[in-house]
Amino acid sequence: MAGPTGERPAAAEIPALDALRGYRAYGRRWVFLLVLSLLSCSNAMLWLSFAPVADTIAQHFRLSTEQINWLSLVYLVASIPSGLVAIWVLDSVGLRWATILCAWLNFAGSALRALPYVAAEAPDPFAFLMGGQSLCALAQTLVIFSPAKLAALWFPEHQRATANMIGTMSNPLGILVANLLSPALVKEEQDIPIMLGAYIIPAGLACLLATACLWESVPPTPPSAGAAHSTSETFLDGLKLLARNRAYVVLAVSFGGGIGVFSSFSALLEQILCVKGYSNEFAGLCGALFIVFGILGALALGLYVDRTKRFTEAVKVGFCLTSVVCVAFALVSQLRGQMLALAAICSLLGLFGFSVAPVATELAVECSFPVGEGAAAGLVFVLGQAEGMLIMLLLTALTVRRAEPSFSTCQRGLDILDWRVSLLLMAGLCTLFSLCLVLFFDTPYRRLQAEAGTSPSTPGDGCRAAVDHTPLPAERP
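Just so you know, these numbers come straight off a predicted model, no measurement behind them.

A. Highlighting the overall build of the protein chain. Within the protein chain one finds 20 helices and two strands. Sorting the 477 residues of the protein chain into buried and exposed places 59% on the buried side. Put simply, of all contacts in the protein chain between residues at least 6 apart along the chain, 84% involve residues at least 24 apart. As displayed, the protein chain offers around 17700 Å² of accessible surface, 68% of which is attributable to carbon and sulfur atoms.

Right, here's the structure in full:
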């Protein structure tokens, strides 16, 4: 692994240096980050609000397992065509209007899901549920792509990874809340309206704050040299540069595959565990541990890479450790009475896997500069959603229906499936993506080099091993 090639200014010296260069960080950047984080959290809550209580939802609305899975899968499907539009909106229309549009779509979707209980005798409740989830899915592409752009436009160089970490980890925080809140609210079928109403509250609050508190897309004075040259390429030219950047393509395929694996894991966890006799509450606990340790790991890793700029090393080590733990989950989840082991495995899966997400997003921006942050981060997630959709469909297709064992906790309405082959495939895919990243990814940090006064390399040589990972020392005034 490449070591430092020179001394960088200490973190405490960077604000003073930025001030001398004419850059400024505004206090209202934290308000923007708060609004975006709340919106991302709410959107993720809506995504997986049904998954922890899938059996109760299926029984109440008389839905099949496939229909229940589509309430989560629609997020992945809708994000593929809308993803490119979201990238254009972020890089062309601006961050403020993109966030406001996202907030209104998210609020409208949350309200639409509850309409079957407002409108008397709704003819097809599933249509309202799917319609609401679809609107929230359109909002997801805007909010998921935004943290990297917000960090680049509003935050100074020594705070970018931390700001990106906060914005990005708000999404898994929403998954955590959904894993805990849905089982807590839905004990019986008659509790479902309470759950649907509860998820409207954060969506409405985020919509209100986005509309009232966000005044501009960019600050009057940029916080860094990178922000001053943000989105220096047009939308189509940026996509062409990304397609020719080998390092970016390797990162997008590998990290996108990781997103797909984790999306499938989160959506199918309760169905996997109930077959072996584990309760909804325990599945919710495992999902919660997965997120909590992911957030803690992301916090520590974000602070580390903000100081050291070792993006590549952090991502590669995290991916390798994640693969090992994913194999352990595939084996242990097929055993009964392993609550402690499963809880520990889910914790480690979050610690090693989720924690690299914001760092990988920053790395995507670094290796693709001067392409806009919306395009660089967004295309990774579009590919991740496409891979997630394929992985989730493949995992469910490989399951085998079986007679319900006496120890199963799956309620009526949810099919009893054998997940053994599917989980081994998931572990194999995770290992394959990790090997691809470790063996084929190497890149200079173009944005940091540009901010240090050097010329970033041309897009075609992103995998040259001779190029040091560490940016050159910043010029002193």
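Next, the rest of the story.
B. Examining the pattern of salt bridges more closely. Evaluation of the coordinates by the stated rule reveals five salt bridges. Glu313 is the salt-bridge partner of Arg310, the closest N and O atoms lying 3.6 Å from each other. Between Arg447 and Glu362 there is a salt bridge, with the nearest N and O atoms lying 2.8 Å from each other. Of this pair, Arg447 sits in helix α20 (residues 446-451) while Glu362 sits in helix α17 (residues 357-368); the two residues are 85 residues apart in sequence, bridging distant segments of the chain. For the pair shown, Arg447 and Glu362 are each scored as buried. One continuous salt-bridge network, built from bridges that share partners, spans Glu362, Glu366 and Arg447.

C. Seen up close, the state of the cysteines. Using the criterion set out here, one finds zero disulfides in the structure. Of all cysteine sulfurs in the structure, the one in Cys286 sits closest to Cys346, which takes part in no disulfide; the separation is 4.1 Å.

D. Representation of the packing of aromatic side chains. Evaluation of the coordinates by the stated rule reveals 13 aromatic pairs. Seen from their ring centres, Phe32 and Trp154 are 5.9 Å apart, and the 55° between their planes marks the pair as tilted. A residue pair is termed long-range when its members are at least 10 positions apart, and Phe32 in helix α2 (residues 29-47) and Trp154 in helix α7 (residues 125-154) qualify at 122 residues. With respect to class, Phe32 is no different from Trp154; both count as buried. Cluster of aromatic residues (ring-pair linked, three or more members): Phe262, Phe265, Phe290, Phe329 and Phe354. Sitting over the ring of Trp97, Arg96 keeps its end group 4.5 Å from the ring centre.

E. Main features of the packing of helix α13 (residues 246-274) against helix α16 (residues 339-353). Where α13 meets α16, the closest approach of the two axes is 13 Å, and the angle between their N-to-C directions is 170°. Taken as axis vectors, α13 and α16 run roughly antiparallel relative to one another. Across from Phe262, Phe265 and Leu273 in α13, the residues of α16 making contact are Leu342, Cys346, Leu349 and Gly353.

F. Layout of the environment of Thr168. Structurally, the position occupied by Thr168 is in helix α8 (residues 160-185). Distance in space between the C-alpha atoms of Thr168 and Phe145 is 8.9 Å, their sequence separation being 23 residues. Filtering out sequence-adjacent residues up to four positions away, Thr168 remains in contact with Pro147, Ala357 and Pro358. Looking at Thr168, its side chain comes within polar contact range of the main-chain oxygen of Asn164, at 2.8 Å.

G. Main features of a nonpolar patch on the surface. On the surface, Leu435, Val438, Leu439 and Phe440 cluster together into a nonpolar patch covering about 390 Å² of accessible area. Along the chain, Phe440 turns up in helix α19 (residues 420-440).

H. Spatial organisation of the environment of Gly132. Along the chain, Gly132 falls in helix α7. For Gly132, a relative accessible area of 0% puts it in the buried group. Linking Gly132 and Arg113, residues 19 residues apart in sequence, is a C-alpha distance of 4.9 Å. When sequence neighbours within four positions are dropped, the list of residues in contact with Gly132 reads Gly109, Leu112 and Arg113.

I. Focus on unusual backbone geometry. Not every positive phi belongs to a glycine, and Lys309 is a case in point at roughly 65°. Structurally, the position occupied by Lys309 is in the loop between α14 (280-308) and α15 (311-332). Take Lys309: its relative accessible area is 4%, and that puts it in the buried class.

J. The arrangement of the side chain of Arg113 in detail. Here Arg113 shows up in helix α5 (residues 95-113). A distance of 2.9 Å separates a polar atom in the side chain of Arg113 from a polar atom in the side chain of Gln133.

K. How the structure looks around the packing of α13 against α14. Two elements in contact, α13 and α14, have axes whose closest approach is 8 Å; the angle formed by their N-to-C orientations is 155°. It follows that α13 is roughly antiparallel to α14 by the angle criterion. With respect to the hand of their crossing, α13 and α14 are arranged in right-handed fashion. Across the interface between the two elements, Phe262, Phe265, Ser266, Leu269, Glu270 and Leu273 from α13 touch Asn280, Phe282, Ala283, Cys286, Gly287 and Phe290 from α14. Class assignment of the residues belonging to the contact of α13 with α14 gives a composition of eight nonpolar, three polar and one charged.

L. Here's a closer look at the side chain of Ser434. Considering the arrangement of structural elements, one finds Ser434 in helix α19. A distance of 3.0 Å separates a polar side-chain atom of Ser434 from the backbone oxygen of Phe319. Excluding residues that lie within four positions of it along the chain, Ser434 makes contacts with Phe319, Cys320 and Ser323.

M. Molecular detail of helix α18 (residues 373-397). Relative to the 36 Å expected for 25 residues at 1.5 Å per residue, α18 spans 36 Å between its end C-alpha atoms, a close match to the ideal helical length. For α18, the buried fraction is high: 18 of the 25 residues fall into the buried class.

N. Local environment of the environment of Leu351. Structurally, the position occupied by Leu351 is in helix α16. Along the primary structure Leu351 and Ala298 are separated by 53 residues, whereas in three dimensions their C-alpha atoms are 7.7 Å apart. Ignoring sequence-local partners within four residues, the contact set of Leu351 consists of Phe293, Gly294 and Gly297.

O. Just the confidence of the model for the protein chain, in detail. Looking at the protein chain as a whole, its pLDDT mean stands at 79, while 84% of the residues score no less than 70. Predicted confidence in the protein chain is weakest over helix α1 (residues 14-20), with a mean pLDDT of 50, and strongest over helix α10 (residues 200-213), with 93. Counted against residues more than four places away or in other chains, residues 1-12, with its pLDDT under 50, gives 27 contacts. Across residues 454-477, where pLDDT falls below 50, the model places 69 contacts with residues more than four positions away in sequence or in other chains.

Parameters at a glance
Residues numbered from 1 in each chain as written. Predicted model: local features only at pLDDT ≥ 70, side-chain atom pairs only at ≥ 80, totals over all residues. Heavy atoms only, no water. Helix = DSSP H or I, 4+ residues; strand = E, 2+ residues; numbered from the N terminus. Buried < 20%, exposed > 50% of the residue type's maximum accessible area, 1.4 Å probe, protein only. Contact = heavy atoms within 4.5 Å. Areas by Shrake-Rupley, 256 points an atom, 1.4 Å probe, with all protein chains shown as cover. Salt bridge = Lys/Arg side-chain N within 4 Å of Asp/Glu carboxyl O. Disulfide = S-S within 2.5 Å. Phe/Tyr/Trp six-rings, centres within 6.5 Å; stacked < 30°, edge-to-face > 60°. Lys NZ or Arg CZ within 6 Å of the ring centre and 35° of its normal. Axes fitted to C-alpha atoms, helices over the stretch in contact; angles between N-to-C directions. Parallel < 35°, antiparallel > 145°, perpendicular 65-115°, else oblique. Polar contact = N/O pair within 3.5 Å; in protein donor to acceptor, adjacent residues only side chain to side chain. Patch = residues over 30% accessible without salt bridge, like charges linked within 9 Å, V, L, I, M, F, W, Y side chains within 5 Å. Left-handed = near helix turned anticlockwise from the far one by under 90°. Nonpolar A, V, L, I, M, F, W, Y, C, P; charged D, E, K, R; others polar. Expected span 1.5 Å × (residues − 1). pLDDT = per-residue confidence, 0-100.

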